[in-house]
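Each chain is listed here by its residues.
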Amino acid sequence: MEKEKKSLKWLWIAIALVVVAAIGVWCGINAKIFVNDKTGNTELNVFGIPALLTGIFIVTALGYLLGRITIKGVNLGTAGVFLVAILFGYLCTLIPQDLPILSVLRLEARKGNTTYYKSVIQNVGLVLFVGSVGFIAGPKFFRDLAKNFKTYIVLGISIILIGTLVAVIFTLVSPYGADFWAGILSGALTSTPGYSAAQEAMTQMGASDAQVTIGHAIAYPFGVIGVVLFVQLLPRFVKADMNYERSLLKPEVMEATEEKVEKKLFKCDDFGFTALAIAIVSGLILGGIKIPLFGGVSFSLGTTGGVLIMCLVFGHFGRIGSLSMEIPTATVKALKELGLMLFLIGAGVDGGVSLVSAIGGDAGIIVWGFVGGALMTIIPMIAGFFLGKYVLKLPLLNNLGSITGGMTSTPALGTLIATAETDDVAGAYASTYPIALVLIVVACNLMINLMI
């Protein structure tokens, strides 16, 4: 019986790979992306829209199929979507350039060709996921933050400092410059703001940011998968009693000192979509505010940080006057998974296309980048775990939640929630994430300004 199950598993994998290859070619043929001569904007024609939608849902189905494959109790879960999306993005670049009919339809390693996946699909998924996480964690977030604030600061700072130290060492011993390793650092920590900061620093110096882009593209895939596997494997290595660990996350029961009267609140809709929309718009406005740092560099919370903070606030208070800001549990959990899926599809397709330029170049840069990026992902997590366990005395799930925040890893939070079987781990992530976000932006900028 076991042999039959294993044979069936590998059969499904083979079928999935064949289907992905076929879909990649089909979507590459149909997705005609071009530059409008009048406006100069990148556009997708009507024949490309069915290809775009088909690609999204085929990647979804195959990604979840891949993520469901379990080996010794470990699986990729939603991160399987990310791997299939990377393969899909890469396959869309393989249409031969010498075919006159298909050459204009070929996806190349340029920003314009992946605009709809990266700028639209990825960002829609991002706001849905972090918004849902904010509403889930909101009611318990501020109590947890007040109790462990100093702990989360120490862990967040330590993770970024250790990752940056590894990046500096590789800058000194490798034949590649600080711009490349700043890109690797941002990819290893899956930090888009860090990546943008490194690009901006190079632009201000009047230099090309190509090495930053290549470094980010090389390190990003392992940056996602490495943290996802870490939060699944670590509880097994330490033989954690998950029922006991979950009990440590439960808030203390407070005796009511006075009877609370709840006024009847007005609800715009039964699903809470209005509440989520108000919180997301508020978060986007907050995330767009730029704070000057030094040397002309500015910092902003960005889409992720702004939306996360505002959804935490609205999730905590649950109302604006007499307007209800509550979202049903079933709705917010479904939106959380949908958002994570769309985010991984957008990031994966763009990453697969970006990798083409790296793979087609210097082989040495790929080896250096992969090894360095893997160490920048693994070493901070291991160091953070031991620091949290033995010095800061954090319970396991708080520790892992804080590590995912310190690594700024949205996909890993989704995996940790599934592994822990509770949304309460989101509080530690949300407490550590803003600290890590600020520090990774500063670190990438300083690496370039001080080492080039």
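Keep in mind that what you see is a predicted model, and the values were worked out from it rather than measured.

**Brief notes about the overall build of the protein**
What the protein contains, in helices and strands, is 15 helices and six strands. Per-residue burial for the protein yields a buried fraction of 51% across its 452 residues. For the protein, restricting intrachain contacts to residue pairs at least 6 apart in sequence, the fraction spanning at least 24 positions comes to 79%. Entry remark: accessible area of the protein is about 21300 Å², with carbon and sulfur atoms responsible for 67%.

**Some words on the confidence of the model for the protein**
For the protein, mean pLDDT is 78; residues scoring 70 or higher make up 76% of the total. Low confidence marks residues 98-113, where pLDDT is under 50. Its contacts with residues over four positions away, or in another chain, come to 26 contacts. Segment residues 252-261 is flagged for pLDDT under 50; beyond a separation of four residues in sequence, or across chains, it makes one contact in the model.

**Considerations on the packing of aromatic side chains**
Per the stated rule, a full pass over the model turns up ten aromatic pairs. Taking the centre distance of 5.0 Å and the plane angle of 75° together, the rings of Phe 180 and Trp 181 count as edge-to-face. Classification of Phe 180 as buried rests on a relative accessible area of 0%. The class for Trp 181 is buried, based on a relative accessible area of 0%. Chaining the aromatic ring pairs together yields one cluster made of Phe 170, Tyr 176, Phe 180, Trp 181 and Trp 368. A cation sits over an aromatic face here: Lys 389 above Tyr 390, 5.4 Å from the ring centre.

**Regarding the nonpolar core**
With 111 residues, the main nonpolar core has Phe 135, Leu 185, Ile 345 and Ile 403 as its most contacted residues. If one sorts the elements of this core by residue count, helix α4 (residues 115-173) sits on top with 20 residues. Dropping the residues within four chain positions of it, Phe 135 is found in contact with Ala 275, Leu 276, Ala 279, Cys 311, Phe 314, Gly 315, Met 325, Ile 327 and Val 332.

**Re unusual backbone geometry**
Of note, Thr 190 is a non-glycine position whose phi angle comes to about 45°, a positive value. Looking at where Thr 190 falls in the secondary structure, it is placed in the loop between α5 (178-188) and α6 (192-204). Notably, Lys 239 is not glycine yet its phi reads approximately 50°, a positive angle. With respect to the helices, strands and loops of the structure, Lys 239 is situated in the loop between α7 (210-237) and α8 (242-249).

**Here we look at the environment of Val 212**
Within the element layout of this structure, Val 212 appears in helix α7. What makes Val 212 buried here is its relative accessible area of 0%. Contact partners of Val 212, with chain neighbours within four places excluded, come to Asp 179, Gly 183, Tyr 195, Ala 198, Gln 199, Met 202 and Ile 448.

**Some words on the side chain of Asp 423**
For Asp 423, the position within the fold is in the loop between α14 (410-420) and α15 (426-451). Polar contacts involving the side chain of Asp 423 include one to the side chain of Lys 336, which spans 3.0 Å.

**What to know about α5**
Across the eleven residues of α5, eleven count as buried, placing the element largely inside the fold. Regarding α5, the residues found buried are Ala 178, Asp 179, Phe 180, Trp 181, Ala 182, Gly 183, Ile 184, Leu 185, Ser 186, Gly 187 and Ala 188. Looking one or two places after α5, you find Thr 190, whose phi comes out positive at around 45°.

**A word on helix α3 (residues 79-91)**
End to end, α3 covers 19 Å across 13 residues, agreeing with the expected 18 Å (1.5 Å per residue, within 8%). The complete set of buried residues in α3 reads Ala 79, Gly 80, Val 81, Phe 82, Val 84, Ala 85, Ile 86, Phe 88, Gly 89 and Leu 91.

**Brief notes about the side chain of Ser 324**
Mapped onto the secondary structure, Ser 324 falls in strand β6 (residues 323-324). A polar contact of 3.3 Å, which involves the side chain of Ser 324, links it to the backbone nitrogen of Glu 326. Ignoring any residue separated from it by four or fewer positions in sequence, one finds Ser 324 in contact with Leu 265, Phe 266, Lys 267, Ala 275 and Gly 318.

**A few points about the pattern of salt bridges**
Under the counting rule described, the total for this entry stands at three salt bridges. Salt-bridge contacts for Glu 421 lead to Arg 246; the nearest nitrogen and oxygen are separated by 3.8 Å. Taken together, the positions of Glu 421 in the loop between α14 and α15 and Arg 246 in helix α8 put the pair 175 residues apart, joining distant regions of the chain. On the basis of relative accessibility, which here comes to 18%, the residue Arg 246 falls in the buried class. In this structure, the salt-bridge partner of Asp 423 is Lys 336, at a minimum N-O distance of 3.0 Å. Of the two residues, Asp 423 is situated in the loop between α14 and α15 and Lys 336 in helix α11 (residues 329-359); the sequence distance between them amounts to 87 residues. Assessed through its relative accessible area of 14%, Asp 423 is described here as buried. One connected set of salt bridges, linked through shared partners, spans Lys 333, Lys 336 and Asp 423.

**Digging into a nonpolar patch on the surface**
On the surface, a nonpolar cluster with roughly 400 Å² of combined accessible area is contributed by Val 367, Phe 370, Val 371, Leu 375 and Ile 379. Among the structural elements, Ile 379 can be located in helix α12 (residues 363-391). Residue class for Ile 379 comes out partly exposed when judged on its relative accessible area of 34%.

**A closer look at the packing of α5 against α7**
Axis separation between α5 and α7 bottoms out at 6 Å; the angle between their running directions is 30°. Taken as axis vectors, α5 and α7 run roughly parallel relative to one another. Seen along the crossing, α5 lies across α7 with a hand that is right-handed. Only Gln 211, Val 212, Ile 214, Gly 215, His 216, Ile 218, Ala 219, Tyr 220 and Gly 223 of α7 make contact with α5, whose side of the interface consists of Asp 179, Phe 180, Gly 183, Ile 184, Ser 186, Gly 187 and Ala 188.

Thresholds, definitions, all that
- Residues numbered from 1 in each chain as written.
- Predicted model: local features only at pLDDT ≥ 70, side-chain atom pairs only at ≥ 80, totals over all residues.
- Heavy atoms only, no water.
- Helix = DSSP H or I, 4+ residues; strand = E, 2+ residues; numbered from the N terminus.
- Buried < 20%, exposed > 50% of the residue type's maximum accessible area, 1.4 Å probe, protein only.
- Contact = heavy atoms within 4.5 Å.
- Areas by Shrake-Rupley, 256 points an atom, 1.4 Å probe, with all protein chains shown as cover.
- pLDDT = per-residue confidence, 0-100.
- Phe/Tyr/Trp six-rings, centres within 6.5 Å; stacked < 30°, edge-to-face > 60°.
- Lys NZ or Arg CZ within 6 Å of the ring centre and 35° of its normal.
- Core = buried A, V, L, I, M, F, W, Y, C linked by side-chain atoms within 4.5 Å.
- Polar contact = N/O pair within 3.5 Å; in protein donor to acceptor, adjacent residues only side chain to side chain.
- Expected span 1.5 Å × (residues − 1).
- Salt bridge = Lys/Arg side-chain N within 4 Å of Asp/Glu carboxyl O.
- Patch = residues over 30% accessible without salt bridge, like charges linked within 9 Å, V, L, I, M, F, W, Y side chains within 5 Å.
- Axes fitted to C-alpha atoms, helices over the stretch in contact; angles between N-to-C directions.
- Parallel < 35°, antiparallel > 145°, perpendicular 65-115°, else oblique.
- Left-handed = near helix turned anticlockwise from the far one by under 90°.

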